[in-house]
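Chains, contacts and geometry: an overview
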Amino acid sequence: MPAGVTRSDTEVLLKGVSDTERLASQISDAARVGDLLCLSGDLGAGKTTFARAFIWARGQRAGVEVGEVPSPTFTLAQVYELPDASIWHFDLFRLESAEETMELGIWDALQDGICLVEWPDRLPQIEIAARLDLSFEFGDLQDERRVRMAWGEDWQERRVGLEYS
Ligand SMILES: Nc1ncnc2c1ncn2[C@@H]1O[C@H](COP(=O)(O)OP(=O)(O)OP(=O)(O)O)[C@@H](O)[C@H]1O
Ligand SMILES: [Mg+2]
């Protein structure tokens, strides 16, 4: 990890979809251009559910009706042009190399947007201070998920006051 990038972790229990949506909405509130949100976890862990709620909440705040937010499993990337930022939603599951991944234009997307990336283990090393990792795991009950958040340095001030920080 380069100098100047420090991380700190939080772990929370999400008791159902509405907790996940609430977390996504809070983080979307604090998010800004240049942020890289890496969403990891097994199939069905809740990455797209989080991303969808994030995008909807951000749209709602901007007074924009976003409409459907499909999983980018096959399109690989979807972009939502909101007034204050473009939101890029990537799903790298079907990609095999870091090179292929970078052809999707993630660096460019970070210039004027916020990137939400599912299956970030396919990404090359992108250690930036505006990175936030969320790792979803299944809990003991059907709708429970545990999420571990690793906050980059840029998030340290912004996370203060978030319910789940
Ligand atoms: N607390 C929860 N948070 C998120 N999803 C939940 C929760 N409880 C139940 N679910 C359900 O789990 C499923 C999560 O699916 P989702 O598509 O978000 O997973 P994913 O991690 O994106 O999977 P994939 O790797 O296939 O893209 C949904 O059907 C959702 O309703
Ligand atoms: Mg998904």
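See the structure above.
Computed from a predicted model, the values in this text were never measured in an experiment.

Conventions used here
- Residues numbered from 1 in each chain as written.
- Chains lettered and ligands numbered in written order.
- Predicted model: local features only at pLDDT ≥ 70, side-chain atom pairs only at ≥ 80, totals over all residues.
- Heavy atoms only, no water.
- Helix = DSSP H or I, 4+ residues; strand = E, 2+ residues; numbered from the N terminus.
- Buried < 20%, exposed > 50% of the residue type's maximum accessible area, 1.4 Å probe, protein only.
- Contact = heavy atoms within 4.5 Å.
- Disulfide = S-S within 2.5 Å.
- Near = heavy atom within 4 Å.
- Polar contact = N/O pair within 3.5 Å; in protein donor to acceptor, adjacent residues only side chain to side chain.
- Areas by Shrake-Rupley, 256 points an atom, 1.4 Å probe, with all protein chains shown as cover.
- Nonpolar A, V, L, I, M, F, W, Y, C, P; charged D, E, K, R; others polar.
- Expected span 1.5 Å × (residues − 1).
- Pairing = 2+ DSSP bridges.
- Axes fitted to C-alpha atoms, helices over the stretch in contact; angles between N-to-C directions.
- Core = buried A, V, L, I, M, F, W, Y, C linked by side-chain atoms within 4.5 Å.

Turning our eyes to something else, we now look at the overall build of the protein chain. Of regular secondary structure, the protein chain possesses 5 helices and 7 strands. Secondary structure of the protein chain in N-to-C order comes out as β-α-β-α-β-β-α-α-β-β-β-α. With 165 residues in all, the protein chain has 52% of them scored as buried. Considering only contacts in the protein chain between residues 6 or more positions apart, those separated by 24 or more positions represent 66%.

What follows deals with the state of the cysteines. Within the structure shown, the criterion is met by 0 disulfides. Of the cysteine sulfurs around Cys115, a residue in no disulfide, the closest is that of Cys38, at 9.1 Å.

Around ligand 1, the structure places 16 residues, and the nearest of them are Thr20, Gly44, Lys47, Thr48 and Thr49. One nitrogen or oxygen atom from the main chain of Gly16 is found 3.2 Å from a nitrogen atom belonging to ligand 1. Within the side chain of Lys47, a nitrogen or oxygen atom sits 2.7 Å from an oxygen atom of ligand 1. For ligand 1, the accessible surface in isolation is 640 Å², of which the surrounding protein chains cover 75%. Of all the secondary-structure elements, those providing two or more residues to the shell around ligand 1 are helix 1 (17–30) and helix 2 (47–61). Among the elements that take part in the shell around ligand 1, helix 2 stands out by supplying 3 residues, more than any other. Looking at the shell around ligand 1, its residues break down into 4 nonpolar, 6 polar and 6 charged.

Let's shift gears to helix 2. Between its terminal C-alpha atoms helix 2 stretches 21 Å, which fits the 21 Å expected from 15 residues at 1.5 Å a residue. All of the buried residues in helix 2 are Lys47, Thr48, Phe50, Ala51, Ala53, Phe54, Ile55, Ala57, Arg58 and Gly59. Once helix 2 finishes, Gly63 follows within two positions and takes phi at roughly 75°, a positive value.

Our next topic: the sheet that holds strand 5 (residues 113–118). Reading across from one edge, 1-7-6-2-5-4-3 is the order of the 7 strands in this open sheet, with mixed pairing throughout. Strands at the two margins of the open sheet, each flanked by one partner only, are strand 1 (8–14) and strand 3 (77–81). Along the sheet, successive strands turn relative to each other by an average axial angle of 15°, direction set aside. Both strand 4 (residues 86–91) and strand 5 contribute to a ladder of 6 bridges, which runs parallel. When the sheet's bridge partners are listed, Ser86 is paired in strand 5 with Gly113.

Turning our eyes to something else, we now look at the nonpolar core. Counting 32 residues, the largest nonpolar core has Leu23, Ile27, Leu37, Phe50, Phe54, Leu134 and Met149 as the members making the most contacts within it. Those elements that place two or more of their residues in this core are strand 1, helix 1, strand 2 (36–40), helix 2, strand 5, strand 6 (131–138) and strand 7 (145–151). Core analysis: the second largest hydrophobic core is formed by 14 residues, Leu92, Ala109, Cys115 and Trp119 among them.

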